[in-house]
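What the coordinates show
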2 protein chains.
Amino acid sequence: MKQTIEKLNKEKSTQWPDFFNTINVELAILEENLVVKLPAKSKLLKEIVSYIFLSGGKRFRPAISLLMAKATGGVKDKHVTLSEITELIHTASLIHDDIIDSAKLRRGNETINSLWNDKISVIAGYFLFGQASVKLGELENTEIVKIYAHVLSDLCNGEIEQYSLLFNPNITLEKYIEKSTSKTASLFAACCKSSAILNNQDPKIIKHCNDYGMSLGIAFQIVDDILDFTSSANEIGKDACSDLKNGIITAPTLFALNSTDERAKQIRILIENRFNNDEKDFDKAIRLVFELGGCEKAKQLAINHIDNAKENISFVKNPELKSHLLSIAEMVIKKMRI
Amino acid sequence: MKQTIEKLNKEKSTQWPDFFNTINVELAILEENLVVKLPAKSKLLKEIVSYIFLSGGKRFRPAISLLMAKATGGVKDKHVTLSEITELIHTASLIHDDIIDSAKLRRGNETINSLWNDKISVIAGYFLFGQASVKLGELENTEIVKIYAHVLSDLCNGEIEQYSLLFNPNITLEKYIEKSTSKTASLFAACCKSSAILNNQDPKIIKHCNDYGMSLGIAFQIVDDILDFTSSANEIGKDACSDLKNGIITAPTLFALNSTDERAKQIRILIENRFNNDEKDFDKAIRLVFELGGCEKAKQLAINHIDNAKENISFVKNPELKSHLLSIAEMVIKKMRI
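Predicted model, so just to flag it, every value in this text is computed and none were measured.

Brief notes about the interface of chain B and chain A
Taken together, the contacts link 35 residues of chain B with 35 residues of chain A. Elements supplying a minimum of two residues to the side of chain B that touches chain A: α3 (43-54), α5 (77-100), α7 (118-139) and α8 (142-164) of chain B. Classifying every residue of the side of chain B that touches chain A gives 17 nonpolar, 11 polar and seven charged.

Next comes the structure, spelled out in structure tokens:
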């Protein structure tokens, strides 16, 4: 197994941008702790956990959390634990998302619910949350416990919100941002903020870190939603346009729906009918979203949030680290999904 | 809604034993906090949460936690929060259990997975865990965060352990107790222990509280497993003998399997064949478990654990509270499922 991890880390490090070198020791420890050291008692659970962490995931959240730690005073052992908690919660939420969406593929690999079943997925997601809780306890910091508890609560509210709004073309931009905050940005904000808290930074700096993570997270979700439209199944490792197919209205569709063009009404009707009137309905809806510039407008929204993220790291004095945090923000826009 | 809660509390109080009067103010607050005050954002989630908490559950764990608080120095606001955390985790685990077991009925009512679907159940269970985490943060006690994090981890390990051992007649008594500890007793122990911790008791007393909860919890699980054999569907509010039907080997079957009688081998073969050779296979297995005295032997095991629980509260000086804690232990044996 040790060789597998080393090989995996080597493979991963070739995918990572150069500036990740500054945190590659910590990322290697994180990798080992996730793939090998989680205390799964049964053979089956061990197998599932290894499969999950060996089958992808670019550790984007741990990376920003660790870089933020460097930028706010240095990386302590507790920062590595924090980045593990963040990745555990993120991974658990993906497993549960895949049950909810009945997804077959994730990161180009079969999902747990597809390879095993929904029941096993529930337990596996659960187990990762449980491990996140155990590690949260180890941090011995009540403020961070509260922050991550709210992340968990946000994740559920975001998920149920999304479920309640399926095939509903009346969703507002405000609601979409609220849902994206709950589902994605809340965890980004939490890991950035908590890194600064562990370095005993003052409240102003902590707020900047929180806001950097929050804006980055919202932009990340918007870009993810655009990629669902613009990428092939091969590129994104799951079915293309699966969001709209499943009735999830994201930024590109939302902007198309809000257009004053007559075609907006057509999209609305197609969604309300759940693309069921004609077998070409779904393809038509996708075409109309493109024609009405939904993806371009969504991209502009993402850029605005990235600009906001960048503004929030003007407090970082170290030019190298500041440039890394700016590069991460740029990476989101460049649609490099890492 | 207020009237509903009052009516509900009135109904509940008639089911509760008299000595619960000593904590009925706290139980009423708990009820209101669970049914009305959980911050579910969407209408759907609000509806599900109300359904869950209005459709049964005798608040047994909150009751022992609150009585233990009284016995170790008095009930503070944080003890009520602790009892809410305990009931939230317990309820979330039931919802997820019902997905895993594809259960249709719980406490005589339709399960969430049956009334809605598996996806909604995942989110609902999740939401309750999220709320438990938020309340855990409010306690501002790192030791208790760690204790409950381990409970969560235990719950998953117990669940996957059970899943791994389906239709496996080689399960040992030790493994069964370990699984019962993870699935049930760990939470009982946590709420008793944490009540004493919140009252700043010394480590010896805290250990006694932990051990009382642990023994009580193991006995509770054994009795629950016996009831699955001896009760009608109407009495237990779910299908009778559903454990063995689903391949879960509990204490009565285990004792029957360990008998030196020839019929033990027959049970083994029936289980290994998953009762699939003949339509009468399952009924035959049940009959053999009874014939070999599986339920009586399991009852004796439960009594041993109850005796152990009782020994651990000899430290309680207040005769009234001591008698209440003894009565709770007796109640488990009397198979009064509260």
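Still more ground to cover, so stick around.
Let's talk about the nonpolar core
By size, the foremost hydrophobic cluster in this structure holds 211 residues, and its most contacted members are Tyr148 and Ala219 of chain A together with Tyr148 and Ala219 of chain B. Each residue touching tyrosine 148 of chain A, except ones within four places of it in the same chain, is listed here: Ile85, Leu136 and Ala190 of chain A.

Side note on the environment of glutamine 162 of chain A
Residue and element names in this part refer to chain A. Counting through the fold element by element, glutamine 162 comes out in helix α8 (residues 142-164). Sequence separation between glutamine 162 and threonine 250 is 88 residues; the distance between their C-alpha atoms is 10.0 Å. Leave out the neighbours within four places in its chain, and glutamine 162 touches Lys179 and Ile248.

Remarks on the relation of the copies chain B and chain A
Superposing chain B onto chain A takes a rotation of 180° combined with a translation of 0.0 Å along the rotation axis, leaving an RMSD of 0.0 Å. Expressed as an axis order, the relation between the two copies is that of a two-fold axis. Minimal C-alpha distance to the rotation axis in chain B is attained by threonine 142 of chain B, lying at 3.3 Å. Residue by residue, 100% of the interface of chain B is reproduced at the interface of chain A, so both copies engage with the same surface.

Side note on the environment of threonine 181 of chain A
If you trace the backbone, threonine 181 of chain A turns up in helix α9 (residues 173-198). In contact with threonine 181 of chain A, other than residues within four places in its own chain, are Ser186 and Ile218 of chain A.

Topic: the confidence of the model for chain A
Residue and element names in this part refer to chain A. For chain A, per-residue confidence averages 88 on the pLDDT scale, and residues scoring 70 or more make up 92% of the total. Put simply, helix α1 (residues 2-15) is where chain A has its lowest mean pLDDT, 57, and helix α13 (residues 251-257) is where it has its highest, 97. Interface confidence for the predicted complex, given as ipTM, is 0.78, next to a pTM of 0.85.

Focus: helix α15 (residues 281-291) of chain B
Three or four residues apart is the spacing at which side chains of an α-helix point the same way, because the helix has 3.6 residues per turn. Residue and element names in this part refer to chain B. Of the residues making up α15, those classed as buried are Ala285, Ile286, Leu288 and Val289. Angularly, the buried residues of α15 cover 165° about the axis, an arc narrow enough to put them on a single face. Residues of α15 that are buried in the fold lie against α10 (203-230), α12 (242-245), α13 (251-257), α14 (263-272) and α16 (294-311). Downstream of α15 by one or two residues, glycine 293 has phi in the positive range, about 70°.

What to know about the packing of α9 of chain A against helix α10 (residues 203-230) of chain A
Residue and element names in this part refer to chain A. Between α9 and α10, whose axes approach to 7 Å, the crossing angle comes to 145°. Crossing geometry of α9 relative to α10 is assigned as right-handed. In terms of residue class, the contact of α9 with α10 is built from 18 nonpolar, eight polar and two charged.

Parameters and conventions
- Residues numbered from 1 in each chain as written.
- Chains lettered and ligands numbered in written order.
- Predicted model: local features only at pLDDT ≥ 70, side-chain atom pairs only at ≥ 80, totals over all residues.
- Contact = placed C-beta atoms within 7 Å.
- Helix = DSSP H or I, 4+ residues; strand = E, 2+ residues; numbered from the N terminus.
- Nonpolar A, V, L, I, M, F, W, Y, C, P; charged D, E, K, R; others polar.
- Core = buried A, V, L, I, M, F, W, Y, C linked by C-beta atoms within 7 Å.
- Buried ≥ 20, exposed ≤ 12 C-beta atoms within 10 Å, placed from the backbone.
- Least-squares fit on C-alpha atoms with pLDDT ≥ 70 in both.
- pLDDT = per-residue confidence, 0-100.
- Arc of directions from axis to C-beta.
- Axes fitted to C-alpha atoms, helices over the stretch in contact; angles between N-to-C directions.
- Left-handed = near helix turned anticlockwise from the far one by under 90°.

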